[in-house]
Structures are given as structure tokens and as C-alpha cells.
Amino acid sequence: MSWLEIAINIIIGSGKTILIITVILVPFMIILELIRDARLLDKAAVFIIPLMRMFSLPKEGAFPLLAGVLFGITYGSGIIIPYGRSGELSKRDMTLIGVFLAVCHGMVEDTLIFAAIGAKWWVLVIIRVIFGILAISVAAKISFLKKDQQEKTI
Amino acid sequence: MITRKTWKKGTLNGFKTSFMLLKIIVPVFAAVTILGHTPVIGYISGVFGPIMRFTGLPGEAAIAFVTGAVVNIYAAIGIIIALNLTPWQITTIAVMLNLSHELVVESAILKKTGIKVFPIIMIRLLSAFLVGGAMNAMGKLIF
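Computed from a predicted structure; not experimentally measured.

The rules behind these values
Residues numbered from 1 in each chain as written. Chains lettered and ligands numbered in written order. Predicted model: local features only at pLDDT ≥ 70, side-chain atom pairs only at ≥ 80, totals over all residues. Helix = DSSP H or I, 4+ residues; strand = E, 2+ residues; numbered from the N terminus. Expected span 1.5 Å × (residues − 1). Buried ≥ 20, exposed ≤ 12 C-beta atoms within 10 Å, placed from the backbone. Contact = placed C-beta atoms within 7 Å. Axes fitted to C-alpha atoms, helices over the stretch in contact; angles between N-to-C directions. Parallel < 35°, antiparallel > 145°, perpendicular 65-115°, else oblique. Left-handed = near helix turned anticlockwise from the far one by under 90°. Nonpolar A, V, L, I, M, F, W, Y, C, P; charged D, E, K, R; others polar.

S.K.: What exactly am I supposed to notice about helix α1 (residues 4-35) of chain B here?
M.R.: The periodicity of an α-helix, 3.6 residues per turn, causes residues three or four places apart in sequence to face the same way. Given a rise of 1.5 Å per residue, 32 residues ought to cover 46 Å, and the 47 Å separating the end C-alpha atoms of α1 of chain B matches this to within 8%. Every buried residue of α1 of chain B is accounted for by G10, G14, S18, L21, I25, V28, F29, V32 and T33 of chain B. The inward-facing, buried residues of α1 of chain B contact α1 (3-37) of chain A together with α4 (73-80) of chain B.

Spelled out as C-alpha cells, the structure:
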């Protein structure tokens, strides 16, 4: 293979991927901004409160949890870090949320981007959710994270 | 409130991210493609082959996994598209990377909330390889 062929291969190979990703990413970013500006996250948080009760997590945790799941840890950090620091959530609650988010975050973007290069998106979502729930279930069982022994952060 | 600014910001963010990806994916893809014509990839593949075989991925996929785990998903994608993987192999490495990526940056952020990050990194790495193994077994059953 000549250098010219390699160069063409590089341009076409990466160009195609970038193009597909752009086509997916632009509408996704618009939707994220719409959700943010319409304050939909506050409203959606109500729906996950019953789920959070299963792990005896307080409803204050719904917002940072949802932000992380949808926006990702890096984008959602603007919301997550102040919550961790405010002391509104106990160390136990923040750890449980952190454990879940470590596995399940940026669920839309990560999934779309891998779907763009040919991965089966539903496999990605199902496995991450299963492991996220598994991780939070195990963490909730660990003795020092039991609800009755919690201490406040900072 | 949704204003014209909302749409503008979203569109801009989308293109900005794509441009950022372009700067990562193109050089990584180019490097791996060029390396593909040298014995280097074969050597790395030989070293990591035994570990990756457990997940049904070729040894060179280890480069993609390590890059994704340390740097980010986008750099890993530049590598994945340069390797000739089957759709199921792409799904496998995608799941592994979805569980374990950008460990340095994301753990630093989680640490700022005041929680311990070492167990979290362990959970992420362990679950990635567990799932990789499980998907390999599943893939053998399906295909």
C-alpha cells in the first residue's frame, strides 16, 4: 500500500466517523440545552424518587443523579459537586449516588457515539443499567454505608 | 426559559464537540493506521492477546481499552475504527469502555464531592472485564 492510499484511507476512515458523530451530536446538544433551559430536569426528578426510596436515598439526590445520568459526569459536575459540598446529602447518600453514576452516566452521549461506529445501543444501555443497580445494591449493603450510621459530609 | 439563545447554544456546543473530536480522532486514527503497516501493532497484540482473549477481542484492542480508560472515549473510537472488528466485538469493547472510561478526570470530579474513588475505579474496571467475558460467552452462543 502506498502513502497516498494510506492518506486517503485516513481521510475517508476518520471523516466518515466524524460526520456520523456530528449528525448525531448536534441535535443531542440542542436537546440538552432545551432540557436545561426549560428546567425539565426538576420535573423529571419527581419520577425517579420512588426508585431512590428503594435505597433509602433522600429526594434531594434526584437532581444530581439525573443530571449525571443524562449529561455525564463532566458536564453534570457543575450540578453534582455543589450538591456533594452543600452537606444537603450525607456522605452515605453521596457515595451511593457516586457509585451508581460511576457506571451509569452520560447515558445518551456515550451510547449514541458508540452506536455511530456500529455497536448495538440497547446492549450498551441494558448492561450499564444492570451493573449500576448491582453496584448501588452492593454498596447499600456495606455496613458503614447503612442508613443508621450516616455522617454528614464536611 | 427557552429562547433563541437555547437553540444557538445547543447547535454551537454540538459543532464545538465535533470539532474537538475531529482533533482527537483524526490523529489517533492516522497513527494506528500507519502503525498497522509496521510490526508494532503485531507486537502489542502479542503481549495483550492472552488477556484480551478472555473478552473475545484481539490483542490490539487492548490499545483502545487502555486509551479509553485513561484518556477518553473519543480517542478510543479513533483506534476502534482503525481495527477490523466484527459488530459484536465493537459492541463488546463499547460496553467495556462505557463502563470504564476517562477514569482520571471523572474520578477527580467524583472525589470533589467528598467520596472515596478507589473502590469506584475498581468497580468500573472489574465490571468492564466481567461484562467483556460474559459478552464473549454470549457471542459464542448467538453466532
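S.K.: It is not clear to me how the packing of helix α3 (residues 61-70) of chain B against helix α5 (residues 87-99) of chain B should be interpreted in this structure. Could you clarify?
M.R.: How two helices pack is summed up by the angle between their axes together with the distance between the axes. Residue and element names in this part refer to chain B. Where α3 contacts α5, the axes come no closer than 9 Å and their chain directions differ by 25 degrees. What the angle tells us is that α3 and α5 run roughly parallel. Here the hand of the crossing between α3 and α5 comes out right-handed. Between α3 and α5, the residues in contact are A61, A64, F65 and G68 and I93, M96 and L97, respectively. Counted by class, the contact of α3 with α5 contains six nonpolar, one polar and no charged residues.

S.K.: Sorry if this is basic, but what is going on with the packing of α1 of chain A against α1 of chain B here?
M.R.: It is the contact of α1 of chain A with α1 of chain B, at a shortest axis distance of 7 Å, that shows an interaxial angle of 155 degrees. When the interaxial angle is binned, α1 of chain A and α1 of chain B end up roughly antiparallel. Handedness of the α1 of chain A/α1 of chain B crossing: right-handed. Residues of the contact of α1 of chain A with α1 of chain B, tallied by class, amount to 20 nonpolar, 13 polar and three charged.

Spatial relationships are all this shows, so hold off on functional conclusions.
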